[in-house]
Amino acid sequence: RTNGAETVTADIHRNGDKYCFAVRATDAVYAQDGTILATNRAPVLSTNVVDQGDVQLTTHELIAASAGNHTINIKNMGDINGDGRTDFAVSDSGQQKAYVFTSNATGAPTKLELTKPADAGTSFGYRLAVADLDGNEHKDVVVSDIGGKNLHIYYGTDGSVNVERGDKVTLLDAIYDIAGVDDYNGDGCDDLAVGQAFYDDPGDATTDDRTGRVLVLYGDDKGASGKTCIGDYAAQVGVSHIGKAAGERFGYNVKKVGDIKKGETAYGCFVGGHYDNVNPANAKITNGKVFYGSSSPTEARVTTYDFTVSGLSQIRTMFSGELNGDDHADFAVISGGGEIRFFFGSEAGTVFPGTWTEGVNRVTRSVIMDELVGVETGAWGVGNSGASEDVDGDGLADTFISGVQSQSLYSGRDTFFTAHPSVYLPLPVTSGNVQTTVLSYGLVICDRNADTGNCVLYYH
């Protein structure tokens, strides 16, 4: 072209034995979807390309649609049945149900329904967490309800989870979010971060001041021989992190990160966030704070936040893992509808950039992606469960970013993180009330039913 563009870039993806492409010039004037190249020979590209053939998806319905408003939660559980594949838990507040799905090499995962207790709230399943709370090397499942004050704990067994509730913890303030944390205090049991956005700060004279807090409830070894976990659910042993000021609703979302500092002893870490949707000057933003585990965590009020991103539930949809190959846990937050911001771990803790640079600590949704599958209209990533897996086998975390148009692959690399705008699946998610998750061998996606508007959960 003779329009003065310095470079023209092409995104190429495979369709059977042919290749499709889209091009865009740097002056943003000339853009065109390319025709299919009738060739059996892969183009020579100047990027790292591994041709692993076509992706063939087989779809299995896991949970059928039903009436009512659905808030779906999906949490990866690791490999609980020993077959080398990811297992996962699901809760659905619309149906007031919770499930554990164990992988099945011959077809759809096997579904195990957890029994809803008679004293559970009417929105049982609003939030879901997974952790080894009793330290027996089996993952446990925790279920809460919206605005409720009860935690229902289902303990893991060899290869499965007990379908009957093992413990109930009742708190004084409503529960807004929960997340399993990898042994926050180093006593041998995982712990549970509980976000209570309407927590009334006892140090403030105002009643119902909605300062908010995150309570880390320590794991309880249930008196097992040789165990030293200090938790006691009846006494609610743990540590509180109270919000910065009245009205901030800190603890609206919480999310597990992993071992960020990677010292001699591995301590779990998590991110707590509040949102501001009432102050006109700060409408629709999320402030986040990183908390690092230690041998003796202490209660402390939040005095400063570590980062700010656009959107109201960004902590809930963030993902974490080993993203850049330095052995420190990292996490990434989708800011607004157009970019992913990365926060990398180090021996001193998480690095919080002063500026955002494309290809260094930020990935922006590409214009090419919009041309291929459609503009995401600000809803990019709203359905993410935050799960990551090593999809391509390089030892680093990968994830699919959900959107109203498709699921798009993003992969960890030895230097940073790579967007693959050509590796996408035309499987849309149209609501922030549902979540998707990536497994080591497939995807679990909540598709909207055209007739009822409710969610149908599929495994692909």
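This one's a predicted model, so the numbers in the text were calculated from it and none came from an experiment.

Q: Help me understand the overall build of the protein in this model?
A: In terms of helices and strands, the protein carries 2 helices and 33 strands. Looking at the protein as a whole, 52% of its 460 residues qualify as buried. Within the protein, contacts between residues at least 6 apart in sequence are counted, and of these 52% link residues at least 24 apart. When the accessible surface of the protein is split by element, carbon and sulfur atoms take 47% of a total near 19,500 Å².

Q: Whenever I open this one, the pattern of salt bridges confuses me. Can you help?
A: Pairs can form between side chains of opposite charge whenever their charged atoms are close. Tallied over the entire structure, the rule returns 13 salt bridges. In this structure, the salt-bridge partner of Arg165 is Asp119, at a minimum N-O distance of 2.9 Å. Placement of Arg165 in the loop between β13 (160-161) and β14 (167-170) and of Asp119 in the loop between β8 (110-114) and β9 (124-131) is noted, with a sequence separation of 46 residues between them. You can call Arg165 partly exposed: its relative accessible area is 27%. What makes Asp119 partly exposed here is its relative accessible area of 37%. Between Lys168 and Asp119 there is a salt bridge; the shortest N-O distance is 2.9 Å.

Q: I keep staring at the environment of Asp221 and nothing clicks. Help me out?
A: If you trace the backbone, Asp221 turns up in the loop between β17 (213-217) and β18 (238-242). Under the relative-accessibility criterion, Asp221 is labelled buried at 9%. A C-alpha to C-alpha distance of 7.2 Å links Asp221 and Leu133, two positions 88 residues apart in sequence. The contact partners of Asp221, leaving out residues within four places of it in the chain, are Asp134, Cys189, Lys227, Thr228 and Cys229. Engagement of the side chain of Asp221 in a polar contact is seen with the backbone nitrogen of Cys229, the distance being 3.0 Å.

Q: Would you explain the side chain of Asp187 in this entry?
A: For Asp187, the location among the structural elements is in the loop between β15 (177-181) and β16 (191-196). Buried charge Asp187 goes without a salt bridge, the closest partner of opposite sign being Lys227 at 8.2 Å. A distance of 3.3 Å separates a polar atom in the side chain of Asp187 from a polar atom in the side chain of Asn185. Polar side-chain contacts of Asp187 include one of 3.1 Å to the backbone nitrogen of Cys189. In this structure, Asp187 is in contact with Gly219, Thr228, Cys229, Ile230 and Gly231, ignoring residues within four places of it in sequence.

Q: So what exactly am I meant to see when it comes to the confidence of the model for the protein here?
A: Reading fine detail from the predicted coordinates is not recommended where pLDDT is low. Mean pLDDT for the protein: 81, with 79% of residues reaching 70 or above. Contacts of residues 24-53 to residues separated by more than four positions or lying in other chains number 50 contacts, the stretch itself having pLDDT below 50.

Q: Any chance you could explain the sheet that holds strand β24 (residues 319-321) here in plain terms?
A: Adjacent strands of a sheet form backbone hydrogen bonds with each other and so pair up, either parallel or antiparallel. The sheet built from 4 strands is open, its strands ordered β24-β25-β26-β27 with antiparallel pairing. This sheet does not close on itself; its edge strands, each paired only once, are β24 and β27 (362-364). Between one strand and the next, the sheet's axes are offset by a mean angle of 20 degrees, whatever the strand orientation. Note: strand β25 (residues 330-335) against strand β26 (residues 339-343), 5 bridges, orientation antiparallel. Bridged to Ile334 within β26 is Ile340.

Q: Teacher, can you tell me more about the state of the cysteines here?
A: Working definition of a disulfide: a covalent bond connecting the sulfur atoms of two cysteines. Per the stated rule, a full pass over the model turns up 1 disulfide. The disulfide partner of Cys189 is Cys229, and the S-S distance across this bridge is 2.1 Å. Between Cys189 and Cys229 the sulfur-sulfur dihedral comes to about 90 degrees; the bridge is accordingly right-handed. With a gap of 40 residues between them, Cys189 in the loop between β15 and β16 and Cys229 in the loop between β17 and β18 connect regions that are remote in the sequence. Taking the relative accessible area as the measure of exposure, Cys189 reaches 0% and is therefore buried.

Q: Is there a simple way to think about the layout of surface pockets in this case?
A: Rolling a probe over the atoms, with the probe sized like a water molecule, indicates the empty space that remains. When its volume is computed, the second largest pocket comes out at roughly 740 Å³. The wall of the second largest pocket is formed by 34 residues, among which Lys256, Ser320, Gly386, Ala387 and Ser388 lie closest to the centre. Within the residue set of the lining of the second largest pocket, elements represented by two or more residues are β5 (72-78), β9, β15, β19 (253-256) and β24. If you tally residues by element for the lining of the second largest pocket, the top one is β5, at 5 residues. When its residues are assigned to classes, the lining of the second largest pocket shows 13 nonpolar, 11 polar and 10 charged.

Q: Can you help me understand the packing of aromatic side chains in this one?
A: The relation between two aromatic rings is expressed through the spacing of the ring centres and the mutual angle of the planes. If you walk through the whole model with that rule in mind, you get 19 aromatic pairs. With 5.1 Å between their ring centres and 15 degrees between their planes, Phe88 and Phe101 make a pair best called stacked. Taken together, the residues Phe88 in strand β6 (residues 87-92) and Phe101 in strand β7 (residues 97-102) connect sequence positions 13 residues apart. Residue Phe101 is classed as buried on the basis of its relative accessible area, which comes to 1%. Taking the centre distance of 4.7 Å and the plane angle of 40 degrees together, the rings of Phe307 and Phe343 count as tilted. Of this pair, Phe307 sits in strand β23 (residues 307-310) while Phe343 is found in strand β26, placing the two residues 36 residues apart along the sequence. Just as Phe307 is buried, Phe343 falls in that class too. Through a chain of ring-to-ring contacts, the aromatic side chains of Tyr184, Phe250, Phe270, Phe291 and Tyr305 assemble into a single cluster. For the cation-ring pair, Arg85 lies above Tyr441, with the distance from its terminal atom to the ring centre recorded as 4.4 Å. The lysine or arginine in question, Arg127, covers the ring of Tyr126, its NZ or CZ lying 4.1 Å from the ring centre.

Reading the values: rules and limits
- Counting starts from 1 at the beginning of each chain's written sequence and moves along it residue by residue.
- Thresholds applied to this predicted model are a pLDDT of at least 70 for local features of residues and 80 or more for the giving and counting of side-chain atom pairs; totals over whole chains, interfaces and linings are not thresholded and use all residues.
- Values reported for side chains reflect all heavy atoms of the structure, with hydrogen atoms and water molecules removed beforehand.
- Every helix listed is a DSSP run of H or I at least four residues long, and every strand listed is a run of E at least two residues long, numbered separately from the N terminus.
- Only protein chains enter the accessibility calculation, which uses a 1.4 Å probe; a residue is then buried when its area is under 20% of its type maximum, exposed when over 50%, and partly exposed in between.
- The contact rule is simple, with two residues in contact once any of their heavy atoms fall within 4.5 Å.
- Throughout, the Shrake-Rupley method with a 1.4 Å probe supplies accessible areas, and for residues the shown protein chains are the sole cover considered.
- Whenever Lys or Arg places a side-chain nitrogen within 4 Å of a carboxyl oxygen from Asp or Glu, that contact is recorded as a salt bridge.
- What qualifies as a polar contact is a pair of N or O atoms within 3.5 Å, subject to a donor-acceptor requirement within protein and to the restriction that residues adjacent in sequence count only when both atoms come from side chains.
- Neither His nor the chain termini are counted; the positive set is Lys and Arg, and the negative set is Asp and Glu.
- A residue's pLDDT is simply how confident the predictor is in it, with values from 0 to 100.
- Here, strands pair whenever DSSP counts at least two bridges between them.
- Only the contacting stretch of a helix is used when fitting its axis, a line to C-alpha atoms as for every element, and angles between N-to-C directions run 0 to 180 degrees.
- When two cysteine sulfur atoms are found within 2.5 Å, that pair is recorded as a disulfide.
- The pocket and cavity definitions rest on a 1 Å grid over protein atoms only: a 1.4 Å probe that fits but cannot leave marks a cavity, an open set with protein on both sides within 12 Å along at least five of seven lines marks a pocket, and residues lining either have an atom within 4 Å of a point.
- Grid points are joined across faces, edges and corners, and a volume is the space filled by probe spheres set on the points.
- Here the term charged refers only to Asp, Glu, Lys and Arg, the term nonpolar to Ala, Val, Leu, Ile, Met, Phe, Trp, Tyr, Cys and Pro, and the term polar to all other amino acids, Gly among them.
- The rule is short: rings of Phe, Tyr and Trp, with Trp giving its six-membered ring, pair when the centres are within 6.5 Å, and they are stacked under 30 degrees, edge-to-face over 60, tilted in between.
- In our convention, an over-ring charge means Lys NZ or Arg CZ found within 6 Å of a ring centre and within 35 degrees of that ring's normal.

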